[in-house]
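Residues per chain are reported as follows:
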Amino acid sequence: ELLPEWMAKTVPASRRAPEELLPPLLEFGRTWESREAILPVLGARGRWLAAQNPDWSYAVGGFDETLWDTGNSEQRRAVLAELRKRDATRARELLASTWSQESPKDRADFLAALENGLSLDDETFLEAALDDRRKEVRGVAVDLLARLPESALRRRTLERALPLLTFKSNKLRRKTIEVTLPGACDKAMQRDGVEPKPDFQGIGEKAWWLQQMLGLIPPKVWAQESGWPIDDLIAAAKRGEWKNVLLDGWSQAARLCRDTEWAGALLAKATKGAEAVSSFQVLPQTRQEDFIVELLGADPSLDISKPAYNCIMSCRRQWGGALSRAIIANLLHHATTDKFKFDWLWAGIAHAIGCSLDPALIPEAITRLAEATKRWTDRPPALERFLDFIQFRHEMLKEINQ
């Protein structure tokens, strides 16, 4: 859990990985999504060692396009990602040249690499991928096409959805949204990413079709169509029968389109954890941290069913002082109210908190938690592990900075 921070702090301190750790570090990088972070800490000896083992070729340096023909899936994915940065067209053409021979998993993974440098030049290839026999491949193609402002998939989805929402003001001048559910989920809709059967209980098939369509349309469209401000649209949705369909669909669309204005408005009005987390992921770091502080102020519980839990798990990076202090206060609250909650409440989230706390506040957290729990004859194992973890992190950072 601490390896990313260790590497990020090691390079600016003009340090590198010690020789005895080079083999396990290189081996770990084979399957680590962020393995590029390993390269700066290897040093000359690490790069030499990587050249002796084909499995570590990702760390040798340089760019070798021939690995597309000779490498394993991981190496080929790295080649495609790097080539996409250098020459987006060449990367797409390379993928097209072997597309029919790729496994379903590789097709989905390789197609996702087109996100970097995505443009309308990719549309023809992505449209063809909508006809793939595997659902996971089609899903990636839909996701990428929906991000292209001028894509045909966006236009088709919007043409289907526009007649289904009518924006009106009643006699009391209260804004309302009349919803007409789709009549059928035909083959064309399914090709464009609308799954006929709901992924979860509690929603009807027709409502599910509409929600999926809304999730693919930029939410700003509805402000343009209605002429209403965002807050009025959200308020009107909340008053209607199809509240969850509209709000969940708009939340998904805000995340897909990275629309921070809509995400912030939906987050402020969220009534369900799913709505909150979907919108939360779009916001800048400072707003994310402020929102978690607000949640903890209203409800100090970090039970897995609470929005704060999922938001913290989505905010895995070093926090500022305000959020770190709020979390420490939350820990102290539980330490003084219910000893037995620590094992089941903190076991799943402890490392996420430990990795993210402001390092300057770690000594204070250890001292205050130790003081608050000294009356216990035995500390819960989860609390002991948490204290050991943040103590180790504190010592690691201190050692690097010496």
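So, here is what we can say about the structure in this document. (Residues numbered from 1 in each chain as written. Predicted model: local features only at pLDDT ≥ 70, side-chain atom pairs only at ≥ 80, totals over all residues. Heavy atoms only, no water.)

## Brief notes about the nonpolar core
Now for step 1: The biggest cluster of nonpolar side chains holds 92 residues, and the ones touching the most others in it are Ile177, Trp222, Trp250, Ile327, Ile353, Phe386 and Ile390.
Now for step 2: If you tally residues by element for this core, the top one is helix H24 (residues 381-401), at 8 residues.
Now for step 3: When residues no more than four places from it in sequence are discounted, the contact partners of isoleucine 390 are Gly354, Leu357, Ile362, Ala365 and Ile366.
Now for step 4: Counting residues in hydrophobic clusters, the runner-up holds 29 residues, among them Leu80, Leu83, Trp99 and Phe110. (Core = buried A, V, L, I, M, F, W, Y, C linked by side-chain atoms within 4.5 Å. Buried < 20%, exposed > 50% of the residue type's maximum accessible area, 1.4 Å probe, protein only. Helix = DSSP H or I, 4+ residues; strand = E, 2+ residues; numbered from the N terminus. Contact = heavy atoms within 4.5 Å.)

## What to know about the packing of aromatic side chains
Each pair of aromatic rings is reported with the distance of its centres and the angle of its planes.
Now for step 1: As enumerated under the stated definition, the model contains 8 aromatic pairs in all.
Now for step 2: Centre to centre, the rings of phenylalanine 28 and tryptophan 32 are 5.3 Å apart; their planes meet at 40°, and the pair counts as tilted.
Now for step 3: Phenylalanine 28 gets classed as partly exposed once you look at its relative accessible area, which sits at 36%.
Now for step 4: For tryptophan 32, a relative accessible area of 19% puts it in the buried group.
Now for step 5: Both rings, one in tryptophan 99 and one in phenylalanine 125, keep their centres 5.2 Å apart while their planes meet at 75°; by these two values the pair is edge-to-face. Taken as a pair, tryptophan 99 in the loop between helix H6 (88-98) and helix H7 (104-112) and phenylalanine 125 in helix H8 (residues 123-129) lie far apart in primary sequence, 26 residues in all.
Now for step 6: Accessibility expressed as a relative area gives 16% for tryptophan 99, which makes it buried.
Now for step 7: On the basis of relative accessibility, which here comes to 14%, the residue phenylalanine 125 falls in the buried class.
Now for step 8: Through successive ring pairs, a cluster of aromatic residues spans Phe167, Trp222 and Trp228.
Now for step 9: When the ring centre of tryptophan 68 is taken as origin, the NZ or CZ atom of arginine 76, which lies over that ring, is 4.1 Å away.
Now for step 10: In this structure, lysine 175 packs its charged tip against the face of tryptophan 228, placed 5.7 Å from the ring centre. (Phe/Tyr/Trp six-rings, centres within 6.5 Å; stacked < 30°, edge-to-face > 60°. Lys NZ or Arg CZ within 6 Å of the ring centre and 35° of its normal.)

## Regarding the packing of helix H5 (residues 73-86) against H7
Now for step 1: Viewed as axis vectors pointing N to C, H5 and H7 meet at an angle of 25°, and their least axial separation amounts to 9 Å. The orientation of H5 with respect to H7, classified from their angle, is roughly parallel. Here the hand of the crossing between H5 and H7 comes out right-handed. Taking contact as the criterion, the partners of Ser73, Arg76, Arg77 and Leu80 in H5 are, on H7, Asp106, Asp109 and Phe110.
Now for step 2: For the contact of H5 with H7, the residue count by class is 2 nonpolar, 1 polar and 4 charged. (Axes fitted to C-alpha atoms, helices over the stretch in contact; angles between N-to-C directions. Parallel < 35°, antiparallel > 145°, perpendicular 65-115°, else oblique. Left-handed = near helix turned anticlockwise from the far one by under 90°. Nonpolar A, V, L, I, M, F, W, Y, C, P; charged D, E, K, R; others polar.)

## Points about the side chain of serine 356
Now for step 1: Assignment of secondary structure puts serine 356 in helix H22 (residues 350-356).
Now for step 2: Each residue touching serine 356, except ones within four places of it in the same chain, is listed here: Cys315, Arg316, Arg317, Gln318, Trp319, Ser324 and Arg393.

## Section: the pairing of strand S2 (residues 175-179)
Residues in a regular strand project their side chains so that they alternate between the two faces of the sheet.
Now for step 1: In this structure, strand S1 (residues 165-169) lies alongside S2, joined through 5 bridges in antiparallel fashion. What sits directly across from threonine 166, in S2, is glutamate 178.
Now for step 2: As consecutive antiparallel partners, S1 and S2 are separated by 5 residues, and within that stretch arginine 173 has a phi angle of approximately 65°, a positive value. (Pairing = 2+ DSSP bridges.)

## Some details on the environment of alanine 37
Now for step 1: Here alanine 37 lies in the loop between helix H2 (22-29) and helix H3 (43-50).
Now for step 2: Given the relative accessible area of 35%, alanine 37 is considered partly exposed.
Now for step 3: Remark: the alpha-carbon pair of alanine 37 and glutamate 5, spanning 32 residues in sequence, is separated by 9.9 Å.
Now for step 4: Residue contacts for alanine 37: discarding those within four places in its chain leaves Met7 and Trp32.

## Observations concerning the packing of helix H15 (residues 243-257) against helix H16 (residues 260-269)
Now for step 1: Packing of H15 against H16 leaves a shortest axis separation of 9 Å and a crossing angle of 140°. Crossing handedness for the pair H15 and H16: left-handed. Contacts between H15 and H16 pair Leu247, Trp250, Ser251 and Ala254 from the former with Trp262, Ala263 and Leu266 from the latter.

## Points about the pattern of salt bridges
Now for step 1: One pass over the full model with this rule turns up 29 salt bridges.
Now for step 2: Aspartate 132 is paired through a salt bridge with arginine 107; the nearest N and O atoms lie 2.9 Å apart. Note that aspartate 132 is positioned in the loop between H8 and helix H9 (135-147) and arginine 107 in helix H7, a separation of 25 residues in sequence. Each of the two residues, aspartate 132 as well as arginine 107, counts as buried. (Salt bridge = Lys/Arg side-chain N within 4 Å of Asp/Glu carboxyl O.)

## A word on unusual backbone geometry
Now for step 1: Residues other than glycine seldom take positive phi values, yet serine 14 does so here, at roughly 60°.
Now for step 2: If you trace the backbone, serine 14 turns up in the loop between helix H1 (3-10) and H2.
Now for step 3: Unlike most non-glycine residues, arginine 258 shows phi in positive territory, near 55°.
Now for step 4: By the element assignment, arginine 258 lies in the loop between H15 and H16.

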